[in-house]
Structures are given as structure tokens and as C-alpha cells.
Amino acid sequence: MSAHHPPVTDWATDFDHTDATWVGDPYPIWEALRTTCPVARSERYGGTWLPVTHENVAAVAYDTEHFTSRSVVVSEVRPGPEDLPAPIGVAPPITSDPPFHALARRLLLPPFAPKKVEALEAFTRELCNELLDEMAGRNPLDAALDYAQHIPVRVIVKMLGFPQDDAPFFRRFIHFVLEEVDMPAEQRIELGAEFDAYINARIDEHIAHPRDDLTSYLLDVELDGNKLSREHVQGTMVLLLVAGIDTTWSAIGASLWHLARNPADRRRMVDEPGIWGTAIEELLRAYAPVTMARLVAQDFEFEGCPMKEGDWVLLPFPAANRDPDFFPKADEVVLDRAENRHAAFGLGIHRCLGSNLARMELRVALEEWMKRYPEFELVDPATVTWSAGQVRGPRSIPVRIL
Amino acid sequence: MRVHVDPDKCQGHNRCYALAPELFDVDDLGNAHELNDGLVPADLQAKARLAAANCPEYAIGVEEDS
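Attention now moves to the sheet that holds strand β7 (residues 291–296) of chain A. Residues and elements named next belong to chain A. The strand order β1-β2-β10-β7-β3 describes an open sheet built from 5 strands, whose pairing is mixed. Only two strands of the sheet have a single partner each, and these edge strands are β1 (39–42) and β3 (67–68). Pairing geometry for β7 and strand β10 (residues 312–316), over 5 bridges, is antiparallel. Looking at β10, one finds that Arg294 is bridged to Val313. Its contacts with the sheet place helix α4 (residues 54–62) against β1, β2 (48–51), β3, β7 and β10, and it is angled at close to 120 degrees to β10.

Here it is, written out as C-alpha cells:
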């Protein structure tokens, strides 16, 4: 919930993605805007635009000339002179633009390619079962707090070679980065410094004792014959932690929330194992967690809107995924939807680097949950809480096992 | 029937490889390419169309037999 901004009364001219109405249920807002104002404008955060159709979201995602990725989280802090300038940005490659982007991304693609991710499936399955064992015998329980929130953080922490016990620290930091976007700038910068100190300590430790993990890989890998700068390594590690945790936690949680409310879909998941391939993609489409952002790189007109250099642009892939002009029955979850070009992982050159990992984690988390608890329902729909900001997912899902 | 992945459009979403591993493979970076010069056996034509219809980037071309 927005602690620092006044409530929104007009979504076409004054939207705010931390407003309680948006946090609770953003889909009706986007639906109304699609027909009345497909590119909305708000003066908040120093000036922000919001395209809501699949066509316009795609157009922004593909246009790396007019829209820079130098910052991808809308907040009261724009990248300043102390931050790495474009084209690298503070967390390469997500904050990088062409042509540097392709180089930075290429380094990171191999550890996240499908066949590399397959090797992490056994660890993930074991972790899910460990969590389910810890929950055993309790009823009701919380599908988000007891289960979903622990899975992605522990997988990425394992990949980076950080202590598993530090997982709660990451979750806290990421909550500040992604959700407390309307907090005053000084406080935000202070928290960033604390996290930087932690990451620096992990880097030092890996320089002293290299091992077979993603941190040592980043310290060792070469770009144009040179090792990466410490800032590049640090930025990439922050990216992997921030991007790899809240997002997938949200997708797992939203899927369990959907299944808790839809007994017919629950039964189909159990009775029709062949449906899982399309079902996972459909859950990703319907409950895509991630809204990205861009900064306008130069003054220009987009869809009749006078965009100014430095304006924010929210890039709501979840809205694109619910556009009825692009998806028939866009607001319905159709588990066997055959044609599904969803944009849950973005579009264009910034396609989510961890998409293969996220998809594996989502599938395994649901498989193991459904094996253990094929029948469950919400204790009370009103007690489910949702995250604020650009990553949308349920943060508490009290469920009763039936 | 033939399928072809446009390498300039493919962004490695991995949807084709997941849906039709008989027809597509992915490289070490996760980018897709067609197998067997893109030739699609008769019994896999539906899968080929499905893979194309799930590519978010419209990177897969399907050439139907004339």
C-alpha cells in the first residue's frame, strides 16, 4: 500500500501503481483505460506514462532507441550521476541498452539456458518437499509465507553460492527495492548501501576462495578479453537476486491462489497430467507478475502522447496479457489454451533471462504441492494480501487443506 | 511442411523447444533453431503449428505444403 502518496481518483491522469486499488486488483483499471485512454499519464514520480494494450506494450518493449532501460523500477529516484551511465547501467544487462546490452547478456545466458536449468530441478524438488514436510500436520497454513516465498530465494542463493541462512535478509532487501518505491530518496539510498556492503563481502570471499558457482563464474568470465569490473559483477548479482526472487515467488503464489479458488481447475491438474504444459503457460499469462519500466531517451511523440526525455514509462506485461484484442477470453483462465503468445517474460531483447528457471520452479512447486495437497481452499478471500509495485503477487495466502 | 526460426527475432523464450522438442532445439545461450532442416513429418504438423502459435516474438515461420 502507498504510505507516502495520496489516493488516486483519476487513473487516466493521475495513476500510481502503489495505490491500494491497483495493488488489490489492477485488471479493471487497465480494462477501463484500454477503451478510454490506452496510454495514460501521471505527474507522479516526476512524470510517468502507462500503455495498457498488447500492441503498445510491445511497441515500447521493441523500441530501444526512444526508450532506455537505464532504470527499470519506477521510484522517486532516477539514476543519478554517481550511477553507471548508459549503456551499462546499475544492474547489467537489465539496465543496459544496445549495443552493450547484447554483450552483457551473452555472458549470463549460458547459466540460465534450458539444459543448465534442468540440472537444478532435483534440488528444487527436494527443497519443495522439505518445506512441505515442515508444514505437515498444520492446518490451515499459508501457501505464500510457508511455501512459495522460500523457493526461488533458496535456488538463486544456491546458484550464487551464498549462505542459505541469508535468504531472509534478501527477501527484506528486495521488499524495499520493489515495494517501498514511494519512500523518501535518502532512506532508499541508505538501504542500498547496506546491501552493497553485503554483496561486496560475498565478492571478497569468492575472490579469496573461488568455487564452482555463479559468483565465481561472474568474477572469472571475460568480456572482450577483460574480466568484468567489480561494479558490473555487483550490479549483476543485485539483478539476479532482485529479479529472481519476488517474481517467481509471485507466480507460484498466484497460481496456488487461483487453484485454491477454482476446484474444477484443481481437479483437471490432478486428473489430466497432459494439461500441465499449457496450464503452466496459461497461469503465467493470466497472473504475470512483472511490470517493467523504461525512461524516455529523447523527446518524441508516441501514440499522440508528447513524451519528454526522462519521463518514466511503466511497461505492464500483465496488462498486455489480458488484452481481449490479443487473447480471446483474456480474463478467463483456460488451462488448455493452445495458442498463447503471452508476454509474462517480456518481449524483445530484454526477455527475462531467468525465464527457464522461473518456469521450472513454478512447475516443480505446483507439482509437489498438488501431490501433497490436491484439495485446498482459501480460509477467507479477504485475508489474502498482495504486493505493491511492479511485481504483483500474493504475499499471504491462508489456505485450508481439505 | 517446413519450419524455420528467424534467429534475429528469437529471444530464447524456449516455448517451441518445450512444445515440440522433435522439431526444435536450443543452443548453449538458449536460442532456438529448427532440426532436420526444418522438415516436419506428417504426424508432427499440428505440433509445428502449435509451436509457431506460441512464439511471443513471431519468430517461427511455417511453410505449408502447396
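Bringing helix α10 (residues 167–178) of chain A into the picture now. All names here are of chain A. For α10, spanning 12 residues, the distance from its first C-alpha to its last is 16 Å, which sits close to the expected 16 Å at 1.5 Å a residue. Three or more residues of α10 are buried, namely Ala167, Phe170, Arg171, Phe173, Ile174, Val177 and Leu178. Contacts from the buried residues of α10 go to α9 (151–160), α11 (185–208) and α13 (230–261).

Structurally, the position occupied by Asn340 of chain A is in the loop between α16 (317–320) and α17 (355–372). On the accessibility criterion, Asn340 of chain A (1% relative accessible area) is buried.

Quick look at the interface of chain B and chain A now. Between chain B and chain A, the residue contacts involve 20 residues of the former and 24 residues of the latter. On the chain B side of the interface with chain A, the three residues burying the most area are Gln11, Arg15 and Leu29 of chain B, jointly 31% of the side's total. Our count for the chain B to chain A interface comes out at 2 salt bridges. A salt bridge links Asp25 of chain B to Lys115 of chain A; its shortest N-O distance comes to 2.8 Å. Linking chain B to chain A there are 15 residue pairs in polar contact (both at pLDDT 80 or more). Broken down by secondary-structure element, the contributors of at least two residues to the side of chain B that touches chain A are α1 (15–19), β2 (24–26) and α2 (45–53) of chain B.

To continue, consider the packing of α9 of chain A against α13 of chain A. The angle between the axes and the distance between the axes are what describe a pair of packed helices. Residue and element names in this part refer to chain A. Put simply, α9 and α13 touch, their axes get as near as 7 Å, and they point 155 degrees apart. Put simply, α9 runs roughly antiparallel to α13. In this structure, α9 meets α13 at a crossing whose hand is right-handed. For the pair α9 and α13, contact is made by Ile151, Pro152, Val153, Ile156 and Leu160 and by Met237, Leu240, Leu241, Gly244, Ile245, Thr248, Trp249 and Ile252, respectively. By residue class, the composition of the contact of α9 with α13 is 11 nonpolar, 2 polar and no charged.

The next thing to look at is the packing of α11 of chain A against α13 of chain A. Residues and elements named next belong to chain A. Between α11 and α13, the shortest axis-to-axis distance is 10 Å and the interhelical angle comes to 115 degrees. Between α11 and α13, the crossing angle belongs to the class labelled roughly perpendicular. The handedness of the crossing between α11 and α13 is right-handed. Facing Phe195, Asp196, Ile199, Asn200, Ile203, Asp204 and Ile207 of α11, the residues of α13 in contact are Arg230, Val233, Gln234, Met237, Val238 and Leu241. Its residues assigned to classes, the contact of α11 with α13 shows 8 nonpolar, 2 polar and 3 charged.

The full count for this structure, using the stated rule, is 20 aromatic pairs over all chains. Taking the centre distance of 4.8 Å and the plane angle of 90 degrees together, the rings of Trp257 of chain A and Trp386 of chain A count as edge-to-face. Pair noted here: Trp257 of chain A is in helix α13 and Trp386 of chain A is in strand β12 (residues 385–386), with a separation of 129 residues, a long-range link. For the residue pair Trp257 of chain A and Trp386 of chain A, the accessibility class agrees, reading buried in each case. Three or more aromatic residues joined by ring pairs make a cluster, and in this case those are Phe162, Phe169, Phe170, Phe195 and Tyr198 of chain A. Above the face of the Tyr58 of chain B ring, Arg341 of chain A is positioned so that its terminal group lies 3.8 Å from the ring centre.

All names here are of chain A. Tyr147, Phe170, Met307, Trp369 and Val399 are the most contacted members of the largest nonpolar core, which has 134 residues in total. Among the elements that take part in this core, α13 stands out by supplying 15 residues, more than any other. Leaving out residues up to four positions away in the same chain, Phe170 has contacts with Val153, Val157, Phe162, Phe195, Tyr198, Leu241 and Ile245.

What counts as what
Residues numbered from 1 in each chain as written. Chains lettered and ligands numbered in written order. Predicted model: local features only at pLDDT ≥ 70, side-chain atom pairs only at ≥ 80, totals over all residues. Heavy atoms only, no water. Pairing = 2+ DSSP bridges. Helix = DSSP H or I, 4+ residues; strand = E, 2+ residues; numbered from the N terminus. Contact = heavy atoms within 4.5 Å. Axes fitted to C-alpha atoms, helices over the stretch in contact; angles between N-to-C directions. Expected span 1.5 Å × (residues − 1). Buried < 20%, exposed > 50% of the residue type's maximum accessible area, 1.4 Å probe, protein only. Buried area = accessible area lost by both parts, 1.4 Å probe. Salt bridge = Lys/Arg side-chain N within 4 Å of Asp/Glu carboxyl O. Polar contact = N/O pair within 3.5 Å; in protein donor to acceptor, adjacent residues only side chain to side chain. Parallel < 35°, antiparallel > 145°, perpendicular 65-115°, else oblique. Left-handed = near helix turned anticlockwise from the far one by under 90°. Nonpolar A, V, L, I, M, F, W, Y, C, P; charged D, E, K, R; others polar. Phe/Tyr/Trp six-rings, centres within 6.5 Å; stacked < 30°, edge-to-face > 60°. Lys NZ or Arg CZ within 6 Å of the ring centre and 35° of its normal. Core = buried A, V, L, I, M, F, W, Y, C linked by side-chain atoms within 4.5 Å.

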